[in-house]
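Understanding the architecture of this molecule
Okay, here's what each chain looks like letter by letter:
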Amino acid sequence: MKVLVVGSGGREHALVHRLGQSPSVTQVHALPGNDGMKSHALCLAWDWRDTDRLIEYCLRTEIELVVIGPEDPLVSGLADQLRDRGLLVVGPGADAAQLEGSKIFAKQFMNEAGIPTAKFHIVDSLESCMSAAQHFTSPYVLKADGLCAGKGVVICPTEDELRAAATDFFDKRIFGDAGGKALLEQFTPGWELSYLVLTNGEEFQPLPIAQDHKRLQNGDRGPNTGGMGAVAPLKLDTALQERLDQEIVRPTLVTLQRRALPYRGFIFFGLMMTPQGPSLLEFNCRLGDPETQVVLPLIEGDFGMILKELSTGRLRPLQIRSMHSACVVMAAPGYPAAPEKDLVIEGELTSATDSSYFLAAGVRRVDGHWVTAGGRVLGAVGLGSSREEALSKAYAQAKQVRWRGLQMREDIGGGTR
Ligand code: GLY
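Notes on the structure in this doc start here.

Quick look at the overall build of the protein chain now. Each helix and strand counted, the protein chain has 12 helices and 24 strands in total. Computed over its C-alpha atoms, the radius of gyration of the protein chain comes to 21 Å, within 12% of the 22 Å expected for a compact globule of 417 residues. Based on the C-alpha atoms only, the size of the protein chain along its principal axes is roughly 55 × 50 × 45 Å. When the 417 residues of the protein chain are sorted by exposure, 60% land in the buried category. Partitioning the intrachain contacts of the protein chain with sequence separation of at least 6 by distance along the chain shows that 68% fall at a separation of at least 24. Summed over all atoms, the accessible surface of the protein chain reaches about 16900 Å², with 48% contributed by carbon and sulfur.

Right, let's talk about the side chain of Q293 for a bit. Residue placement: Q293 occurs in helix α10 (residues 291–295). Excluding its chain neighbours within four sequence positions, the residues that come into contact with Q293 are G10, R11, A14, G288, C327, L359 and V381.

Okay, a nonpolar patch on the surface next. On the surface, a nonpolar cluster with roughly 230 Å² of combined accessible area is contributed by V153, I155 and F187. Along the polypeptide, V153 turns up in strand β8 (residues 153–156). V153 gets classed as partly exposed once you look at its relative accessible area, which sits at 40%.

The subject of this paragraph is the pattern of salt bridges. Applying the stated criterion across every chain, the model contains 25 salt bridges. A salt bridge links E340 to R404, with the shortest nitrogen-to-oxygen separation between them at 2.7 Å. Residue E340 is located in the loop between β18 (324–331) and β19 (344–347), and its partner R404 is located in the segment after β24 (401–402); the two are separated by 64 residues in the primary sequence.

Turning our eyes to something else, we now look at the site of the ligand. Close to the ligand lie D212, G226, F268, N284, R286, G288, D289, P290 and E291, which account for all nearby residues. Note that a nitrogen atom of the ligand is positioned 3.2 Å from one of the backbone N or O atoms of G226. Here R286 contributes a side-chain N or O atom positioned 3.0 Å from an oxygen atom of the ligand. When the ligand sits alone it has 200 Å² of accessible area, and the protein chains cover 89% of it. Partitioning the shell around the ligand into residue classes produces 2 nonpolar, 3 polar and 4 charged.

Ranked by internal contacts, the top residues of the largest apolar core, which has 60 residues, are L4, Y195, F269 and F283. Of all the elements, helix α9 (residues 238–258) adds the most residues to this core, at 6 residues. Ignoring anything within four residues of it in the chain, the contact list for Y195 reads F204, P206, L207, I209, Q241, L244, D245, V249, I267, F268, F269 and L271. Counting 46 residues, the second-largest nonpolar core is a separate cluster that includes V90, L216, L296 and V381.

This part is about helix α8 (residues 159–171). A rise of 1.5 Å per residue sets the reference length of α8, with its 13 residues, at 18 Å; its end C-alpha atoms lie 17 Å apart and thus fit the reference within 8%. Taken together, the buried residues of α8 touch β6 (120–123), α7 (126–132), β7 (140–144), β8 and β9 (182–186). Positive backbone phi, approximately 55°, marks R173, located one or two places after α8.

Mapped onto the fold, E282 is located in strand β17 (residues 277–284). For the pair E282 and T117, spaced 165 residues apart in sequence, the C-alpha separation works out to 8.9 Å. Beyond its immediate sequence surroundings of up to four residues, E282 is in contact with K103, M110, F268, F269 and G270. Reaching out from E282, the side chain makes a polar contact with the side chain of N284 at a distance of 3.4 Å.

The next point concerns helix α6 (residues 103–113). Most of α6 is tucked away: 8 of the 11 residues are buried. Within α6 the residues assigned to the buried category are K103, I104, F105, A106, K107, F109, M110 and A113. Remark: G114 follows α6 within two positions and exhibits a positive phi of approximately 70°.

By the secondary structure assignment, T252 is in helix α9. When its relative accessible area of 0% is taken as the criterion, T252 is described as buried. Among the polar contacts listed, one links the side chain of T252 to the backbone oxygen of I248, at a separation of 2.7 Å. Leave out the neighbours within four places in its chain, and T252 touches F109, I115, I267, F269 and F283.

Here we take up the sheet that holds β19. Within the open sheet, the 4 strands sit side by side as β21-β22-β19-β24. Their pairing is antiparallel. Of all strands in the sheet, those with a lone pairing partner are β21 (363–366) and β24, marking the two edges. The pairing of β19 with strand β22 (residues 369–372) spans 2 bridges and is antiparallel. By the bridge assignment for β22, V344 is matched with V371.

Their axes nearest at 6 Å, the elements helix α5 (residues 94–101) and α6 cross at an angle of 95°. Considering the angle they form, α5 stands roughly perpendicular to α6. Side by side, α5 and α6 meet where D95, Q98, L99, E100 and G101 of the first sit next to K103, F105, A106 and F109 of the second.

Here is what the cut-offs are and how they apply
- Residues numbered from 1 in each chain as written.
- Predicted model: local features only at pLDDT ≥ 70, side-chain atom pairs only at ≥ 80, totals over all residues.
- Heavy atoms only, no water.
- Helix = DSSP H or I, 4+ residues; strand = E, 2+ residues; numbered from the N terminus.
- Rg over C-alpha atoms; globule rule 2.2 N^0.38 Å.
- Buried < 20%, exposed > 50% of the residue type's maximum accessible area, 1.4 Å probe, protein only.
- Contact = heavy atoms within 4.5 Å.
- Areas by Shrake-Rupley, 256 points an atom, 1.4 Å probe, with all protein chains shown as cover.
- Patch = residues over 30% accessible without salt bridge, like charges linked within 9 Å, V, L, I, M, F, W, Y side chains within 5 Å.
- Salt bridge = Lys/Arg side-chain N within 4 Å of Asp/Glu carboxyl O.
- Near = heavy atom within 4 Å.
- Polar contact = N/O pair within 3.5 Å; in protein donor to acceptor, adjacent residues only side chain to side chain.
- Nonpolar A, V, L, I, M, F, W, Y, C, P; charged D, E, K, R; others polar.
- Core = buried A, V, L, I, M, F, W, Y, C linked by side-chain atoms within 4.5 Å.
- Expected span 1.5 Å × (residues − 1).
- Pairing = 2+ DSSP bridges.
- Axes fitted to C-alpha atoms, helices over the stretch in contact; angles between N-to-C directions.
- Parallel < 35°, antiparallel > 145°, perpendicular 65-115°, else oblique.

Rendered as structure tokens:
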């Protein structure tokens, strides 16, 4: 079958790469993809927002399955539009994608479902924010309601910093309407993990638990990023895994059903593990980046067929390989604030083995050279029988390329359970 992946980043390259290993998949198309994944996918140089063209293309070229990677098209209702035309899709419709599209929707959903999460107030002005702050202790967390390309969460150690953030949100409108309403939330201390499941809205299959490193620099210093690297699996004891399923995942599915919100796709639970137990920070209605790069290689079997069946509502038990994976993100200078583009990438970008390879996030091919074309440029992936082996392969892979000002953490996997 032919499969089309919507999106252009490292997560989408991981999907394209894994789908390409599936016996049932004859060809992978990517919309728009990126130059670095062209050896694995036929990349289409137009935008998913041109939905008439996308639907016409899928029908004409007999695409049997569409897998939507990023949150924007999901929240915008692309999955609904494709399903209305009879196409098979992995990804929720717009109503269920509100789990990620609106932080306020998500919090109210968590409360209805009885899912443990930090207490919150809904605020929409500097005054309401500072007045609500009297009910919280510092540090304060201010979260824009809408999608802000991963930048809408600010942790404020003091009241003055909260005032500055609230001024940015409500007076300067730095996030436009997406930040016109926000959640003021109690900060939750603990350690974070990424729990992703595949679900048909009634049953779920867990994917191996991953841990992402969100800060730019070694030792969890520097600004927050989309993620500088990840490892999987994390080994949780059985009782803790059972709590995640009973306290978080099952109530989510029950509440989706009670609200009559169909769901065929991935749910990503961003969790903080506290001394009292798991606390849900956020839902994502998609796979994580770079979690996908470490989780997909651990899924056994014909991934294309697993997803096709899911798109029709059938969920088969997943077999998980007994191995480890690591992904080290290689970023451009200036990332995350203002990444430099068009820097020449030297070295062997196409070098790959079965257990180490690059996944491209922000690269372009110009006049026979590879150049940087985004903040996160490449993910170097390593697989092995232990976490140490996976990390050592990922770092050896990373050494094969370089560019001026390359940023990369040296401690991915460190401090991880
Ligand atoms: N790595 C975090 C995310 O994908 O949202």
